[in-house]
Amino acid sequence: MSMPAPVKTLTPAPATQAPASPKTAFADLWRPALLQAFVKLDPRQLKRSPVMLVVELTAIFTTILCVLPDPVVSTGVALQIALWLWFTVLFANFAEALAEGRGKARADSLKAGSVGLSARRRTANGSFEVVPATRLRKGDVVRVEAGEMIPGDGEVIEGIAAVNEAAITGESAPVIRESGGDRSAVTGNTRLVSDWLLVQISANPGESTLDRMIALVEGAKRQKTPNEVALDILLIGLTLIFLIVVVTLQPFAYFAGGSLPLVFLVALLVTLIPTTIGGLLSAIGIAGMDRLVRLNVIAKSGRAVEAAGDVHVLMLDKTGTITFGNRRCTALYAAPGVTAMEMAQGALLASLADDTAEGKSIVEFIRGLHALPEPEAHDITAVPFTAETRLSGVDYNMRVYRKGAVDSVLAFVGLKRDDVAPALSREIDKIAQSGGTPLLVCVQGKLLGVIHLKDVVKPGIRERFAELRKLGIRTVMVTGDNPLTAAAIAAEAGVDDVLAEATPEKKLARIRQEQNDGRLVAMCGDGANDAPALAQADVGMAMNDGTQAAREAANMVDLDSDPTKLLDVVQIGKELLVTRGALTTFSIANDVAKYFAILPALFATIYPQLGVLNVMHLNSPQSAILSAIVFNALIIVVLIPLALRGVRVQAASAAQLLRRNLLIYGLGGLVVPFVGIKLIDMLLTTLHLV
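Being a predicted model, the structure only gives us computed values, none of them experimental.

(A) Inspection of the overall build of the protein chain at higher detail. A tally of helices and strands in the protein chain yields 22 helices and 22 strands. On C-alpha atoms alone, the protein chain measures out to a radius of gyration of 33 Å, which is more than a quarter above the 26 Å that the 2.2 N^0.38 rule sets for 690 residues. Oriented by its inertia axes, the alpha-carbon framework of the protein chain measures out at about 115 × 70 × 50 Å. Considering the protein chain as a whole, with its 690 residues, one finds that 52% of them fall into the buried category. In the protein chain, the proportion of contacts linking residues at least 24 apart, taken out of those at least 6 apart, comes to 70%. Surface accessibility of the protein chain: about 30200 Å² in total, with carbon and sulfur atoms responsible for 60%. Side chains of the protein chain carry 65 positive and 66 negative charges; the gap between the two charge centres is 4 Å.

Structure (structure tokens):
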């Protein structure tokens, strides 16, 4: 099909420079985060965090009370309580802004590369017009030439070219993109380095890969996950309960012949409600999504990330995920009467001109075993592999060296399988039964031995599967190999189950079977035939270099097109859930110490018997209440690094993880506040602030 030439008046789309490296260090982020902390005081923004909105309202109310005389509470103490309530809100806002800043730094650096970008859009009559990239809509067709930036996500409909995706993936080596097949999808803000492409835009402004990346880590745009919504409902419920409790305390005090200062009641409310987790909940969610973005994985929703944390079954393609995908030489076996050196020399010569991954692996393997002489390239005559002969090799020094499939080499030397020496025949059978590929080597019609080619299992993959097993996750290897070969590789890799001779229908049926049994399933894929299974899976991760159909069906896209990332995604999902659970446990537990600080201080004059609850021996009612408020604010600052980093998930069962977190964050949440409030009380007393 001929390509209509663009009109001569068109200027090429600007080839902007690659974006600078994002600045994610604390030193680069704290100033803008501090400014955003004040901006987020706007109640319209704060309403996303109901608990902190209540704290802001109490801070406003306390600030008003500071100007009203109160014989029980001095203006200085009331002002300090008001200030620390404001600090509590600001610290929570700062945590969220810091988490946003870390995630947005990378996305904004990429977005800068699209500023001022224009595109050649095809018109109805087949000519091309230059328009800003922001005006492109789904379905538009654009022409991109060498040196220009691809203006948006799309599908190649004509042409073949090399694309540099370093701005998105960090990988400097260009990749080939062409129309049709599984390598037709392109990503906006990547650069064409050769030839030209016709691209059909597949996303409207605000819906591209880059826009989804930003939306994941921007608090104002980010959709709350089901887990966050459920936790928000719990926190709102607790806040309402404690609000009712605090409101009813004053009538009880009047009934007992006393009165409670309004400033102290406000302080009691703030310390009773779960402000710690309420202040950090948004930061935890944003930081979890940020870790996903830094992994170069884009999730279409937070629900997918949470589902990854609850996954029970991982369905993993053998090729590229469990194995390297290219068969490699792992052993040489000499035929009877042939020395190991003769076999190595023959295999080396037969593979010197072989440019395939298998041929190169044979040469590397032999060079690692022996220091053998190698002829110059001009001294040998290469015989390339063909589908007809299924042989390759060289002619050197009037001698013919060949290697290839067993049947092909036997036919080449004029032998039948029964003519092969029994010892060599057994080695051939053993290699085939283990899931490997045997290649015979011959010289001048004489069999030298057999090469063992094997789809090598990636180092450390068995240990990773063992860790997943401890976490209660079962792994299923999906392969098109026959059951015998699949079983051999599965045993070596340490997977729990195998789906051999897999077809798209078999994958889909297996996912539905697991889901019907109450299990969540994760899988990855890149082809159009993977789309139904990716859509059915609870976590479906598509490869960025795969088809548009796969990317649309999946709820995650890996920009690096690395199938092993699915294991990391599951880890991030678990870290997100565990971090949220651990800090919720800590938040609820640390409220206990505040009860022992504030309740005796409030009711000491009305019910002197409650003095026994002052187990921390705090100096005075005013210092006790102020100490609890100060601790309530500072603990948010202390926990910000943990909220951003996440709680590391160790390989252990759910019961073991629960016991560990209860011990660390439950018991720790009980003990730390007693120590912290006592130290703050001593400091306030020493400084004569109360």
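Structure shown, so let's carry the discussion forward.
(B) A look at the pairing of strand E14 (residues 391-396). Across three bridges, strand E13 (residues 381-383) lies against E14 in antiparallel orientation. Within the sheet, the bridge partner assigned to Ala-382 lies in E14 and is Val-394. By the bridge criterion, six bridges tie E14 to strand E15 (residues 399-405) in an arrangement that is antiparallel. Looking across to E15, one finds that Ser-392 is bridged to Lys-403. Adjacent in sequence and paired antiparallel, E14 and E15 are bridged by two residues, among which Asn-397 carries a positive phi angle near 55°.

(C) Region of the structure containing unusual backbone geometry. The backbone of Met-398 shows a phi angle near 65°, a positive value even though the residue is not glycine. Within the fold, Met-398 resides in the loop between E14 and E15. Of note, the phi angle at His-688 is positive, near 55°, even though the residue is not glycine. You can see His-688 is positioned in the segment after helix H22 (654-686).

(D) Local environment of the confidence of the model for the protein chain. Looking at the protein chain as a whole, its pLDDT mean stands at 84, while 91% of the residues score no less than 70. Under a pLDDT of 50 for its full length, residues 1-20 has, in the predicted model, 44 contacts with residues more than four places off or in other chains.

(E) Local environment of the sheet that holds strand E6 (residues 175-178). Strand order in the open sheet made by the three strands is E6-E5-E8, with antiparallel pairing throughout. For this open sheet the edge positions go to E6 and strand E8 (191-192), each flanked by a neighbour on one side alone. As defined by bridge partners, strand E5 (residues 160-164) adjoins E6 across four bridges and the pair is classed as antiparallel. Note on E6: the bridge partner recorded for Val-163 is Val-175.

(F) Highlighting the UniProt feature "transmembrane region" (unreviewed entry) in the protein chain. Per the UniProt record, "transmembrane region" (unreviewed entry) is annotated on residues 50-71, 77-99, 229-256, 262-286, 595-618, 624-642 and 662-680. Its end C-alpha atoms 13 Å apart, residues 595-618 is made of 38% helix and 0% strand.

(G) Molecular detail of the side chain of Arg-580. Among the structural elements, Arg-580 can be located in helix H20 (residues 565-603). Look past the residues within four positions of Arg-580 in its chain and what remains in contact with it is Thr-225, Asn-227, Glu-228, Leu-231, Ile-277, Leu-281, Ile-284, Gly-285 and Glu-306.

(H) Structural context of the packing of helix H9 (residues 275-294) against H20. Close contact between H9 and H20 brings their axes to 10 Å; oriented N to C, the two are set at 170°. Classified by the angle between their axes, H9 and H20 sit roughly antiparallel to one another. Taken as a pair, H9 and H20 cross one another with a handedness that is right-handed. Residues Thr-275, Thr-276, Ile-277, Leu-280, Leu-281, Ile-284, Gly-285, Gly-288, Arg-291 and Leu-292 of H9 touch H20, and the partners they reach there are Val-569, Ile-572, Glu-575, Leu-576, Thr-579, Arg-580, Leu-583, Thr-584, Ser-587, Asn-590 and Lys-594.

(I) Representation of the pattern of salt bridges within the structure. Throughout the structure, instances matching the rule amount to 30 salt bridges. The shortest N-O distance in the salt bridge between Lys-318 and Asp-455 comes to 3.3 Å. In this pair, Lys-318 sits in the loop between strand E11 (313-317) and strand E12 (323-334) while Asp-455 sits in strand E17 (residues 446-457), placing the two residues 137 residues apart along the sequence. In this structure Asp-455 comes out as buried when scored by relative accessible area, which is 11%. Its salt-bridge partner being Asp-558, residue Lys-565 comes within 2.8 Å of it at the nearest N-O pair. Each member of the pair Lys-565 and Asp-558 is classed as buried. Connected via shared salt-bridge partners are Arg-474, Asp-497, Arg-510, Glu-514, Asp-517 and Arg-519.

(J) Representation of the domain arrangement of the protein chain. Segmentation of the protein chain into domains returns domain 1 (24-102 + 216-289 + 570-685), domain 2 (117-150 + 152-201), domain 3 (309-320 + 457-558) and domain 4 (330-455). Of the roughly 740 Å² buried between domain 2 and domain 3 on both sides combined, carbon and sulfur atoms contribute 34%. Remark: the boundary between domain 2 and domain 3 carries zero salt bridges. Inspection of the domain 2/domain 3 interface yields zero residue pairs in polar contact (both at pLDDT 80 or more). Listed by contribution, the elements that provide at least two residues to the side of domain 2 that touches domain 3 are strand E4 (154-158) and strand E7 (185-186). Class assignment for the residues of the side of domain 2 that touches domain 3 results in two nonpolar, four polar and five charged.

(K) Summary view of the nonpolar core. Ranked by internal contacts, the top residues of the largest apolar core, which has 123 residues, are Leu-280, Leu-314, Phe-465 and Met-556. The element that contributes the greatest number of residues to this core is H20, accounting for 16 residues. Shared between two domains, this core takes at least three residues from each, and those domains are domain 1 (24-102 + 216-289 + 570-685) and domain 3 (309-320 + 457-558). Each residue touching Phe-465, except ones within four places of it in the same chain, is listed here: Leu-316, Ile-322, Thr-475, Ala-493, Gly-494, Val-495 and Leu-567. Membership of the second largest hydrophobic core comes to 35 residues, among which are Val-338, Val-406, Val-409 and Leu-453.

(L) Up close: the packing of aromatic side chains. Taken as a whole and assessed by the stated rule, the structure comprises four aromatic pairs. For the ring pair Trp-84 and Phe-87, a centre distance of 5.2 Å and an interplane angle of 75° mean the geometry is edge-to-face. One end of the pair, Trp-84, and the other, Phe-87, are both in helix H4 (residues 75-112), three residues apart, so they sit about a helical turn from each other. Taking the relative accessible area as the measure of exposure, Phe-87 reaches 32% and is therefore partly exposed. Through a chain of ring-to-ring contacts, the aromatic side chains of Trp-84, Phe-87 and Phe-91 assemble into a single cluster. Sitting over the ring of Trp-196, Arg-143 keeps its end group 4.8 Å from the ring centre.

(M) Highlighting the sheet that holds strand E9 (residues 196-201). In spatial order, the strands read E2-E1-E3-E9-E4-E7; together these six strands make up an open sheet with antiparallel pairing. The open sheet has two edge strands with one neighbour each: strand E2 (128-132) and E7.

(N) View of the side chain of Lys-318. Relative accessible area serves as the criterion here: at 7%, Lys-318 is assigned to the buried category. Lys-318 has contacts with Thr-323, Asp-455, Met-477, Val-478, Thr-479, Asp-481 and Ile-489, leaving out every residue within four places of it along the chain.

(O) Layout of helix H1 (residues 26-39). With 14 residues, H1 ought to run about 20 Å at 1.5 Å a step, and its terminal C-alpha atoms sit 19 Å apart, in line with that. Looking at H1, one finds that the buried residues are Leu-29, Ala-33 and Ala-37.

Reading guide: rules and limits
Residues numbered from 1 in each chain as written. Predicted model: local features only at pLDDT ≥ 70, side-chain atom pairs only at ≥ 80, totals over all residues. Heavy atoms only, no water. Helix = DSSP H or I, 4+ residues; strand = E, 2+ residues; numbered from the N terminus. Rg over C-alpha atoms; globule rule 2.2 N^0.38 Å. Buried < 20%, exposed > 50% of the residue type's maximum accessible area, 1.4 Å probe, protein only. Contact = heavy atoms within 4.5 Å. Areas by Shrake-Rupley, 256 points an atom, 1.4 Å probe, with all protein chains shown as cover. Lys, Arg positive; Asp, Glu negative; His and termini not counted. Charge placed at Lys NZ, Arg CZ, Asp CG, Glu CD. Pairing = 2+ DSSP bridges. pLDDT = per-residue confidence, 0-100. UniProt positions renumbered as here; feature names shortened; annotations may be inferred. Axes fitted to C-alpha atoms, helices over the stretch in contact; angles between N-to-C directions. Parallel < 35°, antiparallel > 145°, perpendicular 65-115°, else oblique. Left-handed = near helix turned anticlockwise from the far one by under 90°. Salt bridge = Lys/Arg side-chain N within 4 Å of Asp/Glu carboxyl O. Domains from an automatic or database assignment. Buried area = accessible area lost by both parts, 1.4 Å probe. Polar contact = N/O pair within 3.5 Å; in protein donor to acceptor, adjacent residues only side chain to side chain. Nonpolar A, V, L, I, M, F, W, Y, C, P; charged D, E, K, R; others polar. Core = buried A, V, L, I, M, F, W, Y, C linked by side-chain atoms within 4.5 Å. Phe/Tyr/Trp six-rings, centres within 6.5 Å; stacked < 30°, edge-to-face > 60°. Lys NZ or Arg CZ within 6 Å of the ring centre and 35° of its normal. Expected span 1.5 Å × (residues − 1).

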